[in-house]
Amino acid sequence: MHISVIGCGYLGAVHAACLAGAGHEVVGLDVDARKVAGLQAGEPLFHEPGLAGLLGRTVGHGLRFTTDPGTLGAAEVIYVAVGTPQLGDGQVGVGQVGTGHAGNRRATGNPAPDGSGAQGPVAAGRADLSQLDAALRQVEAHASRTHRTLVVGKSTVPVGTAARVAERLSRCDADLVVAWEPEFVREGHAIADTRAPARLVHGLPDDPEQARFARSQLARCHRGIDAATPRLAVDYATAELVKTSANAFLATKISFINAMAELCDAAGADVTALADALGLDPRIGAGFLDAGIGFGGGCLPKDLRALQARAGELGAQPVADLLGRVDALNLRARDRATDALARLCGGGLAGRRVAILGAAFKPDSDDLRDSPALGIADRARAAGARVTITDPMATGGLRCLRADLEVVDDALTAATGADVVALLTPWPHYLRLDPAELGDVVAHKALLDGRNALDPDEWERAGWRYAGMGRR
């Protein structure tokens with residue numbers, strides 16, 4: 001098939017490369033010429049394991065990247081994979097088809113979900129749909145006038161958006177059918193999640209003939225995916241809610257176990273043993289029951305807050321209140337970690353040197369958006385600490401974004417002279433650190449294991465004061 005993907009950030013670039021790997025002719029479209037040049041050279045501007053190799057095999061062999069929207073005219077299917085960052089927090093989109101990552105300029109309003117560009121008051125947490133609006137304008141201007149085209153939304157949007165997009169595109173003089181296919185890829189596992197998804201969810205139009213066309217085209221797009229993969233055909237609104245509610249549920253599990261970690265601290269219990277016991281219950285499962293410093297990144301916090309805002313707009317205030325409490329519990333975990341650092345330093349952080357191992361919100365990623373580690377670094381600095389931070393993949397972006405932090409290249413350098421060391425992103429090589437070797441360079445052997453990822457006995461035998469999150 002001839003397929004276009006609008007938006008070549010994290011989601012779009014991976015999706016385009018996987019489609020090309022399955023044998024389709026794919027054009028990735030983005031307004032960022034530097035990003036396009038990097039992808040065309042097989043060098044993405046973000047870290048995702050295996051992506052550079054996949055680009056090397058597919059660019060020039062079914063895949064190319066461009067800034068030219070005129071290429072949309074040849075597409076049988078157009079995927080829209082642009083970012084929908086959060087408004088109202090200073091990390092919002094910049095009003096163009098972009099990376100799928102939040103920008104850093106504050107917007108003045110939220111475009112209407114129908115893509116009209118109408119501005120309204122900014123509500124904290126609402127999704128910024130300006131990049132979607134820009135993508136729709138490109139579709140309207142350049143989609144084929146000679147054959148029917150399926151437009152597939154991959155972007156995470158507030159419920160109700162897909163129907164308004166379909167209504168808007170129905171007024172275009174091109175023959176366009178809209179479907180919505182939420183993505184469920186995990187950073188660090190995006191290629192595997194795209195090629196072998198746990199499920200495919202297709203939000204289809206109410207019109208039976210259009211729905212048949214959409215299902216047929218989507219089946220052709222996904223010809224390389226195992227036929228046993230569950231495929232759910234639902235309405236637009238359900239498809240939109242599947243994505244946001246899934247992330248909200250996972251966020252709730254994380255906030256719940258972190259709340260239990262706080263209770264374990266008060267009661268003298270061990271949250272790791274508690275989580276093991278809970279995870280053996282088949283009704284609960286072990287996933288996302290790792291207590292620590294909470295969740296971050298570009299999806300869970302944003303999607304949780306966007307769903308909270310949308311629930312409030314729809315009058316479902318108890319739902320909005322529940323999601324708000326989940327968010328508050330998540331941020332509280334960062335406060336608790338900062339308090340733990342202060343206790344390890346004898347009660348205060350003023351004048352202390354804090355070494356932070358890990359800046360990205362999770363391993364196998366260079367994503368710094370809403371990173372718990374950076375939140376803790378900021379709290380420590382506000383308490384008067386001198387903070388040194390390192391990360392194996394994110395130091396370049398960190399140096400550009402945070403000139404106020406002392407960024408170094410490795411764990412031993414970060415820990416040299418430190419009064420307390422905090423493991424905040426569990427990269428594998430941090431888990432293999434030698435307690436004795438690290439102890440030789442610090443000022444005081446005090447360790448906060450913010451992810452409960454280390455063996456307390458091993459570190460205590462080496463003379464370290466160990467503190468976990470809810471661990472005895």
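All values derive from a computational prediction rather than experimental measurement. (Residues numbered from 1 in each chain as written. Predicted model: local features only at pLDDT ≥ 70, side-chain atom pairs only at ≥ 80, totals over all residues. Heavy atoms only, no water.)

1. Re the nonpolar core
Then, in step 1: Leu63, Phe65, Tyr79 and Leu150 are the most contacted members of the largest nonpolar core, which has 39 residues in total.
Then, in step 2: Ranked by the residues each element gives to this core, the list is headed by helix α1 (residues 10–21), at nine residues.
Then, in step 3: Apart from residues lying up to four places away in sequence, Phe65 is in contact with Cys8, Ala16, Gly28, Val36, Leu39, Gln40, Leu55 and Val59.
Then, in step 4: Residues Ala337, Leu344, Ala360 and Leu368 belong to the second largest nonpolar core, which totals 32 residues. (Core = buried A, V, L, I, M, F, W, Y, C linked by side-chain atoms within 4.5 Å. Buried < 20%, exposed > 50% of the residue type's maximum accessible area, 1.4 Å probe, protein only. Helix = DSSP H or I, 4+ residues; strand = E, 2+ residues; numbered from the N terminus. Contact = heavy atoms within 4.5 Å.)

2. Digging into the packing of aromatic side chains
Then, in step 1: Scanning the entire structure with this criterion turns up two aromatic pairs.
Then, in step 2: Between the aromatic rings of Tyr10 and Phe46, the centroid separation amounts to 5.4 Å while the plane-to-plane angle is 55°, which identifies the pairing as tilted. Of the two residues, Tyr10 is situated in helix α1 and Phe46 in the loop between α2 (33–40) and α3 (51–58); the sequence distance between them amounts to 36 residues. The same class applies to Tyr10 as to Phe46, namely buried.
Then, in step 3: On the basis of an interplanar angle of 75° and a centroid distance of 5.2 Å, the ring pair of Trp459 and Trp464 is categorised as edge-to-face. Neither residue differs from the other here; Trp459 and Trp464 are each classed as buried.
Then, in step 4: The aromatic ring of Phe213 is capped on one face by Arg148, whose charged end is 5.1 Å from the ring centroid.
Then, in step 5: Lying over the aromatic face of Phe184, Arg199 brings its terminal NZ or CZ to 3.7 Å of the ring centre. (Phe/Tyr/Trp six-rings, centres within 6.5 Å; stacked < 30°, edge-to-face > 60°. Lys NZ or Arg CZ within 6 Å of the ring centre and 35° of its normal.)

3. Comments concerning the pairing of strand β12 (residues 420–423)
Then, in step 1: Burial of the side chains of β12 extends over both faces: Val420 and Ala422 are buried on one face and Val421 and Leu423 on the other.
Then, in step 2: Examined bridge by bridge, strand β9 (residues 353–357) and β12 share four bridges and lie parallel to one another. Bridged to Ile356 within β12 is Ala422.
Then, in step 3: Of the strand pairs in this sheet, β12 and strand β13 (residues 446–449) are connected by three bridges, and their pairing is parallel. The residue of β13 that forms the bridge with Val421 is Leu447. (Pairing = 2+ DSSP bridges.)

4. A short note on the side chain of Thr71
Then, in step 1: Within the secondary structure, Thr71 sits in the loop between β3 (63–66) and β4 (77–80).
Then, in step 2: The class for Thr71 is buried, based on a relative accessible area of 14%.
Then, in step 3: Setting aside chain neighbours within four positions, we find Thr71 in contact with Ser4, Val27, Arg64 and Thr66.

5. Focus: the packing of helix α8 (residues 236–267) against helix α11 (residues 317–344)
Then, in step 1: Contact pair α8 / α11: the axes reach a minimum separation of 9 Å and the direction vectors enclose 50°. Classified by the interaxial angle, the pair formed by α8 and α11 is oblique. As for how α8 packs across α11, the hand of that crossing is left-handed. Of α11, the residues touching α8 (which contributes Ala248, Ala251, Thr252, Ser255, Asn258, Ala259, Ala261, Glu262 and Asp265) are Leu323, Val326, Leu329, Asn330, Arg332, Ala333 and Arg336.
Then, in step 2: Partitioned by chemical class, the residues of the contact of α8 with α11 number eight nonpolar, four polar and four charged. (Axes fitted to C-alpha atoms, helices over the stretch in contact; angles between N-to-C directions. Parallel < 35°, antiparallel > 145°, perpendicular 65-115°, else oblique. Left-handed = near helix turned anticlockwise from the far one by under 90°. Nonpolar A, V, L, I, M, F, W, Y, C, P; charged D, E, K, R; others polar.)

6. Examining α3
Then, in step 1: Listing the buried residues of α3 in full gives Leu51, Leu54, Leu55 and Thr58. Projected down its long axis, α3 shows its buried positions confined to an angular sector of 100°, all on one face. With respect to the buried face of α3, the exposed residues turned more than 90 degrees away are Gly56 and Arg57.
Then, in step 2: Contact partners of the buried residues in α3: α1, α2, β3 and α6 (190–195). (Arc of directions from axis to C-beta.)

7. With respect to the pattern of salt bridges
Then, in step 1: Counted under the stated rule, the structure contains 31 salt bridges.
Then, in step 2: With a shortest N-O distance of 3.0 Å, Arg148 and Glu209 are connected by a salt bridge. Pair noted here: Arg148 is in the loop between α4 (130–142) and β5 (149–153) and Glu209 is in helix α7 (residues 208–221), with a separation of 61 residues, a long-range link.
Then, in step 3: By relative accessible area, Glu209 is classed as partly exposed at 38%.
Then, in step 4: The salt bridge involving Asp449 is made with Arg471; its shortest N-O contact spans 3.7 Å. Linking Asp449 in strand β13 with Arg471 in the segment after β14 (465–467), this pair joins segments that are 22 residues apart in sequence.
Then, in step 5: Exposure remark for Arg471: the relative accessible area of 18% places this residue in the buried category.
Then, in step 6: A network of salt bridges, in which partner residues are shared, links Asp133, Arg137, Glu140 and Arg168. (Salt bridge = Lys/Arg side-chain N within 4 Å of Asp/Glu carboxyl O.)

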